[in-house]
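Each chain, letter by letter, is given below.
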Amino acid sequence: MARRNQIGRNEPCPCGSGRKYKKCHLDRESARPIPYHETAKQLLSFRAGEKKCLYPSTGTSCTGKVIRAHTISRSVALSRIARAGKVYQLDTNPFTIRKHEGEPQLTLENIASATTFTGFCSPHDNQLFDPVDKGSLTPTPEQALLLHYRALCRELYVKSPNVETNELLRDADRGKSVSIQQMVQGYVSARGMAIAESLAQLESDKAVCDQAILNQDFSVLKGAFVRFRKTPTLACSGYTQPTCDFNGSEIQDIADMSKPCFNLSFTLLPNDNGGLAVFAWLPDADGPCRKFVQSFMNLDAGRKSDALVQYVFDSFENFAAEPQWWEYLAAEAKDGLKMLLLNWTEISFAVDSSTLIPGSTRFADWEVETVGWF
């Protein structure tokens, strides 16, 4: 932003809001800061998301009632790690975050509502995901695609409101100096570009998967799986862009806007036979994603569980934890995992590229039974 004496009152505000300068940043230094609770309420409103069925379009609109659909199966996975019908989830409520001064909190959540989002109507949710919500998981090519698609749809649902929530940050410079205003507005603009690029990539990925599902083409994905003998103490369904691998090596630079960034889905499911972890990606993402997963496959079998615990806390927020495991975890180990939750998200912290490398702390041993690629 230019200094205010260089900008006409009726000129567009250089912050990028689209409003006239006199209606936006004129005299912003003396403006009243917006109370945190007002911003938090708006954040909660945006995060509630749109009630919209994301079932692959066949040219007709969906007429079913949109429900709070599970991203992690309640019957197959969540019930296996629940205590009295509850699991621990990351609390993303801004009021909770403020209360604990930014320290991440895991709170007990009923499995009826855990990991849900209003992204499917009841008929389509049941019809589409029955192969992964009932019976055993192999995974077959169909099951792998459905797990990938579920994570992708949830990510698109969560990321879509980010356009509005990012704009809320433009008011964070009220009552601040011009130099602080410049910093805030530059950050918001750059973040807005990254969000737009991310959404475009998600929409593109969904279009490919939509067509594959409609055509029953279950060979569209590439990926790998790990089967465990013991029941994992975590369940996860997420969609992300791998950045650094399990050796700490950079996979792709998500800050480089000149190059496309590729996505990967990860699903970790406790089940009757132990548990299953599945990595999956589309063919155009094969280079970086295969390299990322290969670094995991190269780990000793006895450290794969620890690495996946670190991966879940570092890269995802849509996960559920077994109450007994989380409550009895050593304080030092718990604090370490909370720090992982802040990696890539807390702008005041330097990004740690080594967070996926298994260290001396042991988090789990689910005993690897088999691994494979598809």
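Above: the structure in question.
Here's a quick rundown of the structure. (Residues numbered from 1 in each chain as written. Predicted model: local features only at pLDDT ≥ 70, side-chain atom pairs only at ≥ 80, totals over all residues. Heavy atoms only, no water.)

A count of helices and strands for the protein chain gives eleven helices and ten strands. Its C-alpha atoms give the protein chain a radius of gyration of 22 Å, near enough to 21 Å, the size a compact globule of 374 residues would have. Along the first, second and third principal axes, the C-alpha set of the protein chain runs to 70 × 55 × 40 Å. Within the protein chain, contacts between residues separated by at least 24 positions form 76% of all contacts whose residues are at least 6 apart in sequence. Summed over all atoms, the accessible surface of the protein chain reaches about 17800 Å², with 50% contributed by carbon and sulfur. A gap of 7 Å separates the mean positions of the 42 positive and 43 negative side-chain charges of the protein chain. (Helix = DSSP H or I, 4+ residues; strand = E, 2+ residues; numbered from the N terminus. Rg over C-alpha atoms; globule rule 2.2 N^0.38 Å. Contact = heavy atoms within 4.5 Å. Areas by Shrake-Rupley, 256 points an atom, 1.4 Å probe, with all protein chains shown as cover. Lys, Arg positive; Asp, Glu negative; His and termini not counted. Charge placed at Lys NZ, Arg CZ, Asp CG, Glu CD.)

Any two side chains of opposite charge can pair, on the condition that their charged atoms come close. By the definition in use, this model includes 15 salt bridges. One salt bridge in this structure joins Asp272 and Arg80, with 2.6 Å as the shortest N-O distance. Taken as a pair, Asp272 in the loop between strand E7 (264-271) and strand E8 (274-281) and Arg80 in helix H2 (residues 74-81) lie far apart in primary sequence, 192 residues in all. Given a relative accessible area of 64%, Asp272 falls into the exposed group. Arg80 sits in the partly exposed class, given a relative accessible area of 33%. Salt-bridge contacts for Lys134 lead to Asp130; the nearest nitrogen and oxygen are separated by 3.8 Å. On the accessibility criterion, Lys134 (57% relative accessible area) is exposed. When its relative accessible area of 30% is taken as the criterion, Asp130 is described as partly exposed. Among the ionic contacts, a cluster of salt bridges with common partners joins Arg28, Asp171 and Asp173. (Salt bridge = Lys/Arg side-chain N within 4 Å of Asp/Glu carboxyl O. Buried < 20%, exposed > 50% of the residue type's maximum accessible area, 1.4 Å probe, protein only.)

Before going further, it helps to spend a moment on a positive patch on the surface. The grouping of Arg9, Lys20, Lys22 and Lys23 at the surface amounts to a positive patch. Tracing the backbone shows Lys22 in the segment before helix H1 (36-47). (Patch = residues over 30% accessible without salt bridge, like charges linked within 9 Å, V, L, I, M, F, W, Y side chains within 5 Å.)

Along any regular strand, the residues point their side chains to alternate faces of the sheet. In terms of burial, E8 is a largely internal element, eight of the eight residues being buried. Summarising the sheet, strand E5 (residues 222-228) and E8 pair through seven bridges and their orientation is antiparallel. By the bridge assignment for E8, Lys222 is matched with Trp281. Taken together, the seven bridges between E7 and E8 define a ladder with antiparallel strand orientation. In the sheet register, Leu268 faces E8, and the bridge partner there is Ala277. The hairpin formed by E7 and E8 contains two residues between the paired strands. (Pairing = 2+ DSSP bridges.)

Within the element layout of this structure, His70 appears in strand E1 (residues 66-70). Polar side-chain contacts of His70 include one of 2.7 Å to the backbone oxygen of Ile111. Within the local environment of His70, its side chain forms a polar contact with the backbone oxygen of Ala112, the two atoms lying 3.4 Å apart. In this structure His70 touches Leu78, Ile111, Ala112, Ser113, Ala114, Thr115, Thr116 and Arg150, once residues within four positions along its chain are discounted. (Polar contact = N/O pair within 3.5 Å; in protein donor to acceptor, adjacent residues only side chain to side chain.)

Further remarks concern the packing of helix H5 (residues 141-159) against helix H7 (residues 178-214). Running from amino to carboxyl end, H5 crosses H7 at an angle of 145°, the nearest separation of the two axes being 10 Å. Viewed along their axes, H5 and H7 form a crossing whose handedness is left-handed. Contact residues: Leu145, His148, Tyr149, Leu152, Cys153, Glu155, Leu156 and Lys159 in H5; Ser198, Leu199, Leu202, Glu203, Asp205, Lys206, Cys209, Asp210, Ala212 and Ile213 in H7. Classifying every residue of the contact of H5 with H7 by side-chain character gives ten nonpolar, two polar and six charged. (Axes fitted to C-alpha atoms, helices over the stretch in contact; angles between N-to-C directions. Left-handed = near helix turned anticlockwise from the far one by under 90°. Nonpolar A, V, L, I, M, F, W, Y, C, P; charged D, E, K, R; others polar.)

This next bit is on the pairing of E5. Across the seven residues of E5, six count as buried, placing the element largely inside the fold. Pairing of E5 with strand E10 (residues 368-373), which is carried by five bridges, proceeds in the antiparallel orientation. Paired with Ala224 across the two strands is Trp373, which belongs to E10.

On their own, these measurements won't tell you what the molecule is for.
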